[in-house]
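Residue strings, one per chain:
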Amino acid sequence: MTDNDVQPQDNTGANEESLRMVSATPIGNEPVSDEELRPHVLDGFIGQPRLKAQLQLFLDAARKRDVPPDHILLAGPPGLGKTTLAMIVANELGVPIRVTSGPAIQHAGDLASILSSLDAGEVLFIDEIHRLPRPAEELLYIAMEDFRVDVMVGKGPGATSIPLTLPRFTVIGATTREGMLPSPLRARFGFTAHLDFYPHEELEKLIERSSAVLGVALAEGASAQLARRSRGTPRIANRLLRRVRDWAVVHDLDVVGPDDVCEALALYQIDTEGLDRLDIAVLNAIVRNFNGGPVGLNNLAAMVGEESETVETVCEPYLVREGFLMRTPKGRVATAKAWEHLGLRPQDDVSKLF
Ligand code: ADP
């Protein structure tokens, strides 16, 4: 069979990532509801102990020297706390923060006008900094290094550039794709932090903190059930907690137990390992249709009715990280852990089972 032979079984998932309960990027009005759960001081930021210690030292030194700190780059997958940390830095320094993002800046002039309106010491947070257009990126190098921006006046052959001196400020860049940042830009950051996925114990603490803010009383064991389904990601942990709060409200529960968490999240088809319907469809396709693989990405995507890119960027990273799937030169292979998770043994001849 070739990649072209397989017909999609179901084509409903075109924009699957934006609908997934286990998406690490914000869904619905989460950018607003995220705010109520953000810690405002470094002490309230859960986990990432080494990063916190480094950042504390970095900020203490800037405060003692009474200068704005060097520029900071925060790198890591979505939902791990980059925006939160940027807000915390500004708050700890007692300075305002201006927020923008790579895609929001379409022309170098957009960035020039933001830069030229910054006050001394202000923090400029640029989310998805790897998506800045090239000319804006070049303007940013100069602004970060020399605290200067060249403002173009007029158009065509008569245009002139007037250098404008900027007060000292701090850029905090956030990126999910550090590799896409050109090295001259990367070199302008005096402090780079890499955020990692959170272990279960840290997510449990985070869930306990969030449940106190949201007013959800969790019985012993409930936060552990939530943590193991949260894919190492605070944003997902907070989202699942909100859905568990819905469950508690509708069922008039004063205290939410571990069984309530399991039932509530089973309703959303999120299993004990944090896999959702799409992840399970991918594993089922490899195991049941291709006897465990190897299978090409296009074939696999067609089997589950998804774009190849969705399968590759949305499902696979977590499945690979958790040891359910391997990417080999011949294609995707389901591991023994995947077979077991589906209630099968790797040596089962699946063609005889169905
Ligand atoms: P990112 O910018 O990396 O996508 P955010 O900073 O927006 O992630 O974090 C997503 C949500 O998770 C926010 O509601 C935030 O408060 C919460 N969060 C992230 N990291 C932590 C943490 N270490 N401690 C407490 N809450 C966190």
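Under the annotation held in an unreviewed UniProt entry, the protein chain carries the name Holliday junction branch migration complex subunit RuvB and is attributed to Bifidobacterium phasiani. Looking at the Sequence similarities (unreviewed entry) heading of the UniProt record, one finds this comment for the protein chain: "Belongs to the RuvB family."

Moving on: the UniProt feature "domain: AAA+ ATPase" (unreviewed entry) in the protein chain. UniProt records the feature "domain: AAA+ ATPase" (unreviewed entry) for residues 68-201 in the present numbering. Between the end C-alpha atoms of residues 68-201 the distance is 35 Å, and the span holds 30% helix and 27% strand.

On to the sheet that holds strand S6 (residues 170-175). Within a sheet, each strand pairs with its neighbour through backbone hydrogen bonds, oriented either parallel or antiparallel. What the 5 strands build is an open sheet, ordered S2-S3-S6-S1-S7; its pairing is parallel. In this open sheet, the two strands that pair with only one neighbour each are strand S2 (97-101) and strand S7 (191-194). In this sheet, neighbouring strand axes are inclined to one another by 15° on average, regardless of whether the strands run parallel or antiparallel. In the sheet, S2 pairs with strand S3 (residues 123-127) via 5 bridges, with the strands oriented parallel. In the sheet register, Val 99 faces S3, and the bridge partner there is Phe 125. Running at roughly 160° to S7, helix H3 (residues 49-65) makes contact with strand S1 (72-75) and S7 of the sheet.

Reading the values: the criteria
- All residue numbers refer to position in the chain's written sequence, counted from 1.
- Where totals are concerned, whole chains, interfaces and linings use all residues; where local detail is concerned, this predicted model gives features only for residues with pLDDT of at least 70, and gives and counts side-chain atom pairs only at 80 or more.
- Think of the side-chain values as coming from all heavy atoms in the structure, minus any hydrogens and water.
- UniProt positions are given in the numbering used here, feature names are shortened, and annotations may be inferred rather than shown by experiment.
- Secondary structure follows DSSP: runs of H or I at least 4 residues long count as helices, runs of E at least 2 residues long count as strands, and numbering of each begins at the N terminus.
- Any two strands between which DSSP finds at least two bridges are classified as paired.
- Angles here are taken between N-to-C directions and fall from 0 to 180 degrees, while the axes themselves are lines fitted to C-alpha atoms, restricted in helices to the stretch in contact.
- What makes two residues a contact is simply this: any of their non-hydrogen atoms within 4.5 Å.

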